[in-house]
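# Examining the three-dimensional arrangement
Chain residues, written in single-letter form:
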Amino acid sequence: MSEQKRQSITNRMLQALAIVAAALVVALLLWSMIMRTVNQLTISVPPGAGETALQNEARLLLDRAADSVQAVELVLSFLEGASVLIGLGFGAATIYGLRSSRETREELSAEVAKIEDIRQTLEMQLAELQVYRPYLENLSGLRQELEESQESLEQTINNVA
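Rules and cut-offs
- Residues numbered from 1 in each chain as written.
- Predicted model: local features only at pLDDT ≥ 70, side-chain atom pairs only at ≥ 80, totals over all residues.
- Heavy atoms only, no water.
- Helix = DSSP H or I, 4+ residues; strand = E, 2+ residues; numbered from the N terminus.
- Buried < 20%, exposed > 50% of the residue type's maximum accessible area, 1.4 Å probe, protein only.
- Contact = heavy atoms within 4.5 Å.
- Areas by Shrake-Rupley, 256 points an atom, 1.4 Å probe, with all protein chains shown as cover.
- Phe/Tyr/Trp six-rings, centres within 6.5 Å; stacked < 30°, edge-to-face > 60°.
- Patch = residues over 30% accessible without salt bridge, like charges linked within 9 Å, V, L, I, M, F, W, Y side chains within 5 Å.
- Salt bridge = Lys/Arg side-chain N within 4 Å of Asp/Glu carboxyl O.
- Lys, Arg positive; Asp, Glu negative; His and termini not counted.
- Charge placed at Lys NZ, Arg CZ, Asp CG, Glu CD.

### A few points about the overall build of the protein
A count of helices and strands for the protein gives 2 helices and 0 strands. Sorting the 161 residues of the protein into buried and exposed places 7% on the buried side. Of all intrachain contacts in the protein linking residues separated by at least 6 positions in sequence, the fraction that spans at least 24 positions is 68%. As displayed, the protein has an accessible area near 13,600 Å², and 62% of this comes from carbon and sulfur atoms.

Structure representation (structure tokens):
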């Protein structure tokens, strides 16, 4: 696999992580808004107010609580969706890693087979050369004899002349 393709995949994974981080920031902001709303839920009925004023205030509090629950549900559904996407991302990364390791293993197996073939060829050539070793040693002896014969012939020619 080319280096450029690996960098492209790495960049995509980093982008996905950045999106997830941004989503978490948004979720935290929503959470803080919800907590502020919950903290503001107090009944403030002036003394001497009637039962209807108390009921109206209670309805207002219930409406705020319902809004808060809806906001929490929104955040939770967002986080659920984000977790599904993260799970899919990890699954895709796992599949990519397994496929990449399998391809690398196959490439290495092919290279090992090539090296084994080269080793066998070299062993056969070495065996062939071993057959010629005695001849080469014999040639060395013959060369020495030829040099001695040449020297003796030269001495004989010099003595005759």
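### What about the packing of aromatic side chains?
Taken as a whole and judged by the stated rule, the model has 1 aromatic pair. Taking the centre distance of 6.5 Å and the plane angle of 50° together, the rings of tyrosine 132 and tyrosine 135 count as tilted. Taken together, the residues tyrosine 132 and tyrosine 135, both in helix H2 (residues 51-160) and 3 residues apart, mark about one turn of the helix. Taking the relative accessible area as the measure of exposure, tyrosine 135 reaches 55% and is therefore exposed.

### Quick notes on a nonpolar patch on the surface
A surface patch of nonpolar side chains, amounting to about 770 Å² of accessible area, comprises Leu129, Val131, Tyr132, Tyr135, Leu136, Leu139 and Leu142. Owing to a relative accessible area of 56%, leucine 136 belongs among the exposed residues under this scheme.

### Quick word on a negative patch on the surface
On the surface, a cluster of negative charge is made up of Glu145, Glu148, Glu151 and Glu154. Tracing the backbone shows glutamate 148 in helix H2.

### Comments concerning the pattern of salt bridges
Per the stated rule, a full pass over the model turns up 5 salt bridges. Ionic pairing is found between glutamate 116 and arginine 119, a salt bridge with its closest N-O pair at 2.2 Å. With a gap of 3 residues between them, glutamate 116 and arginine 119 both fall in helix H2, about one helical turn apart. A relative accessible area of 32% places glutamate 116 in the partly exposed class. Owing to a relative accessible area of 37%, arginine 119 belongs among the partly exposed residues under this scheme. With a shortest N-O distance of 3.6 Å, arginine 143 and glutamate 147 are connected by a salt bridge. Remark: glutamate 147 and arginine 143 occur in helix H2; sequence separation between them is 4 residues, near one turn of the helix. A relative accessible area of 38% places glutamate 147 in the partly exposed class. Put simply, Glu116, Arg119 and Glu123 are held in one network by salt bridges that share partners.

Geometric values such as these leave the question of function open.
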